[in-house]
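# Report on the structure
Now for the letters of each chain:
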Amino acid sequence: MSQGGGTPAGSNAAALQATGGGVVFSKVFIQRDYSVGTSVKFHTRLPTELEGIIERHVFESTINRLNEFYAEAEEGSCGTYCEGCIGCITAYLIYMCSETHYEKTLRKISKFVASQNERIYHQKGLQLIDPTFRGLRVIEITIFDRPGRT
């Protein structure tokens, strides 16, 4: 897997390298948590590869917030049911000119991941990759090699 190139996160990698980051050292994957069903939820356990790089409470807070966003995206409400009905009535042409609740929430998640990278992860030599780029299967965290790291 190349970090730059075709991945949407490539521009963030360039920004990290410009702020003193280095080359890709390794990647860590946070798996989905299927213990409560097939809804999108990720494990909040801090991987051993990240111990000493990021604080446990900061990592857990990020993952918990992502899990909350996905729960919000998947929750059914009167509005989402009306969206579906209007879509069916218009032969789904309505989706050419409006976003669904799910799409709006995915956009919020992308903004959240970008802000977390900017505020927290890049300073620690890490980059959080938006789970939608990995098919909502995993959260990828890239660890960049930084001077002074053993």
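A few points on the structure. (Residues numbered from 1 in each chain as written. Predicted model: local features only at pLDDT ≥ 70, side-chain atom pairs only at ≥ 80, totals over all residues. Heavy atoms only, no water.)

It is worth spelling out the overall build of the protein chain at this point. On a plain count of helices and strands, the protein chain comes out with 4 helices and 3 strands. Mapped from its N terminus to its C terminus, the protein chain presents α and β elements in the order α-β-α-α-α-β-β. Within the protein chain, buried positions represent 37% of all 150 residues. Counting contacts in the protein chain only where the partners sit at least 6 residues apart, residues at least 24 apart contribute 61% of the total. Accessible surface, the protein chain as shown: approximately 8500 Å² in total, 57% of it carbon and sulfur. (Helix = DSSP H or I, 4+ residues; strand = E, 2+ residues; numbered from the N terminus. Buried < 20%, exposed > 50% of the residue type's maximum accessible area, 1.4 Å probe, protein only. Contact = heavy atoms within 4.5 Å. Areas by Shrake-Rupley, 256 points an atom, 1.4 Å probe, with all protein chains shown as cover.)

Another aspect to go through is helix α2 (residues 56-74). Here α2 spans 27 Å end to end across 19 residues, near enough to the 27 Å set by a 1.5 Å rise per residue. Close packing links the buried residues of α2 with β1 (24-31), α4 (101-121), β2 (126-129) and β3 (138-144). (Expected span 1.5 Å × (residues − 1).)

Turning next to the state of the cysteines. A full pass over the atoms with the stated rule returns 0 disulfides. Free cysteine Cys88: the closest other cysteine sulfur is in Cys85, separated by 7.4 Å. (Disulfide = S-S within 2.5 Å.)

Counting 25 residues, the largest nonpolar core has Leu50, Ile54, Phe59, Ile139 and Ile141 as the members making the most contacts within it. With residues near it in sequence (within four places) discarded, Ile139 still touches Val28, Phe29, Ile30, Phe42, Ile63, Leu66, Leu128, Ile129 and Pro131. (Core = buried A, V, L, I, M, F, W, Y, C linked by side-chain atoms within 4.5 Å.)

Another point: the pairing of β3. Successive residues of a regular strand alternate their side chains across the two faces of the sheet. Of all 7 residues making up β3, 7 are buried, and the element is well covered by its neighbours. The two faces of β3 match: Val138, Glu140, Thr142 and Phe144 on one face and Ile139, Ile141 and Ile143 on the other face are all buried. Of the strand pairs in this sheet, β2 and β3 are connected by 4 bridges, and their pairing is antiparallel. Each residue of the ladder has a partner; that of Leu128, found in β3, is Ile141. (Pairing = 2+ DSSP bridges.)

Glancing now at the sheet that holds β2. On the basis of which strands lie adjacent, the open sheet formed by 3 strands has the order β1-β3-β2 and antiparallel pairing. Looking at the sheet topology across the chains shown, the edges are occupied by β1 and β2. Geometrically, the sheet is characterised by an average inter-axis angle of 20° between neighbouring strands, direction not taken into account. (Axes fitted to C-alpha atoms, helices over the stretch in contact; angles between N-to-C directions.)

The next subject is the packing of α2 against α4. Following both chains from N to C, one finds α2 and α4 inclined at 170°, their axes separated by 9 Å at the closest point. Compared by their axis directions, α2 and α4 come out roughly antiparallel. Where α2 approaches α4, its residues Val58, Phe59, Thr62, Arg65, Leu66, Phe69, Tyr70, Glu72, Ala73 and Glu74 are matched on the opposing element by His101, Tyr102, Thr105, Leu106, Lys108, Ile109, Phe112, Val113, Gln116, Ile120 and Tyr121. Taken together, the residues of the contact of α2 with α4 sort by class into 13 nonpolar, 4 polar and 4 charged. (Parallel < 35°, antiparallel > 145°, perpendicular 65-115°, else oblique. Nonpolar A, V, L, I, M, F, W, Y, C, P; charged D, E, K, R; others polar.)

This part covers the pattern of salt bridges. Under the counting rule described, the total for this entry stands at 7 salt bridges. A salt bridge links Lys124 to Glu55, with the nearest nitrogen and oxygen atoms 3.5 Å apart. With a gap of 69 residues between them, Lys124 in the loop between α4 and β2 and Glu55 in the loop between β1 and α2 connect regions that are remote in the sequence. Here Arg107 and Glu99 are joined by a salt bridge, their closest N and O atoms 2.1 Å apart. Relative accessible area serves as the criterion here: at 34%, Glu99 is assigned to the partly exposed category. What you see here is one network of salt bridges that share partners, running through Lys27, Arg134 and Glu140. (Salt bridge = Lys/Arg side-chain N within 4 Å of Asp/Glu carboxyl O.)

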